[in-house]
Amino acid sequence: MDADNHLKIIDLAASVGQLLKAKRLQAVTAESCTGGGVAQAITEIAGSSSWFDCGFVTYSNASKNELLDIPEALIAQHGAVSEEIAAAMAEGALANSNADVAISTTGIAGPDGAVPGKPVGTVCFGWVVNQVTHTERLVFDGNRQAVREQAVLHALQGLQRYLTC
């Protein structure tokens, strides 16, 4: 990981942690393309056990169905990389944890996996804060590592944004 990005991610995770702790909330992650990178950033912060419940790395469609209760038909209808699935991942993580807020990521980090309308670098995000689900779809540039780092950073930025609204 790029040293500058690593510092940005850790600083952001610490900031998110302060917000969660002040609001007495716990977070859960549901990750696919980031492979646990959001949870890793969060748990690098000392004391994160007071505001982080758990993380799900649901890389396969089967694990999304089995661990997060996402219907196979929903995945078939929209594809695993979609805002609909990002929303369902975040909502499923909340339902299967003791957390109050959720972050999810699903995407195509590359170098393979592109499909029509979903190029390499496509990442969909989901956040559930105050029982409201938010989603976003972005396309990042760069290699696999760069896409994953940008996705982790954006996932944490989104949670920070929704916690301060």
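For the structure itself, look to the data block above.
Residues numbered from 1 in each chain as written. Predicted model: local features only at pLDDT ≥ 70, side-chain atom pairs only at ≥ 80, totals over all residues. Heavy atoms only, no water.

## Quick notes on helix H5 (residues 83–95)
Note on helix geometry: an α-helix contains 3.6 residues per turn, so any two residues three or four positions apart are oriented the same way. The terminal C-alpha atoms of H5, which comprises 13 residues, lie 18 Å apart, in line with the 18 Å expected from a rise of 1.5 Å per residue. Within the span of H5, buried status applies to Ile85, Ala86, Ala87, Ala88, Met89, Ala90, Gly92, Ala93 and Leu94. (Helix = DSSP H or I, 4+ residues; strand = E, 2+ residues; numbered from the N terminus. Expected span 1.5 Å × (residues − 1). Buried < 20%, exposed > 50% of the residue type's maximum accessible area, 1.4 Å probe, protein only.)

## Observations concerning helix H1 (residues 3–22)
The terminal C-alpha atoms of H1, which comprises 20 residues, lie 29 Å apart, in line with the 28 Å expected from a rise of 1.5 Å per residue. The inward-facing, buried residues of H1 abut strand S1 (27–31), helix H2 (37–43), strand S3 (101–107) and helix H6 (144–163). Arg24 occupies a position one or two residues after H1 and carries a positive phi of about 55°. (Contact = heavy atoms within 4.5 Å.)

## Observations concerning the packing of H1 against H6
As a packed pair, H1 and H6 sit with axes 10 Å apart at the nearest point and diverge in direction by 25°. As far as their axial angle goes, H6 and H1 are roughly parallel. As for the relative orientation of H1 and H6, their crossing is left-handed in sense. Facing H1, whose interface residues are Asn5, Lys8, Ile9, Leu12, Ala13, Ser15, Val16, Leu19 and Leu20, H6 presents Glu149, Val152, Leu153, Leu156, Gln157, Leu159, Gln160 and Leu163. Each residue belonging to the contact of H1 with H6 can be placed in one class, and the counts come to 11 nonpolar, four polar and two charged. (Axes fitted to C-alpha atoms, helices over the stretch in contact; angles between N-to-C directions. Parallel < 35°, antiparallel > 145°, perpendicular 65-115°, else oblique. Left-handed = near helix turned anticlockwise from the far one by under 90°. Nonpolar A, V, L, I, M, F, W, Y, C, P; charged D, E, K, R; others polar.)

## Details of unusual backbone geometry
Across the junction of Gly110 and Pro111, the peptide omega takes the value 5°, indicating a cis bond. Among the secondary structure elements, Pro111 is positioned in the loop between S3 and strand S4 (122–129). Of note in this structure, Asp69 is not a glycine but carries a positive phi near 60°. You can see Asp69 is positioned in the loop between helix H3 (61–68) and helix H4 (72–78). Unusually for a residue other than glycine, Asn130 sits at a positive phi of about 55°. Judged by its relative accessible area of 60%, Asn130 is exposed.

## Observations concerning the sheet that holds S1
One open sheet holds the five strands; their spatial order is S2-S1-S3-S4-S5, and the pairing between them is mixed. The sheet is open, and its two edges are formed by strand S2 (52–57) and strand S5 (132–139), each paired on a single side. Averaged over all pairs of adjacent strands, the angle between their axes in this sheet comes to 10°, without regard to strand direction. In terms of strand pairing, S1 meets S2 through five bridges, oriented parallel. Its bridge partner lying in S2, Ala30 is registered against Phe56. (Pairing = 2+ DSSP bridges.)

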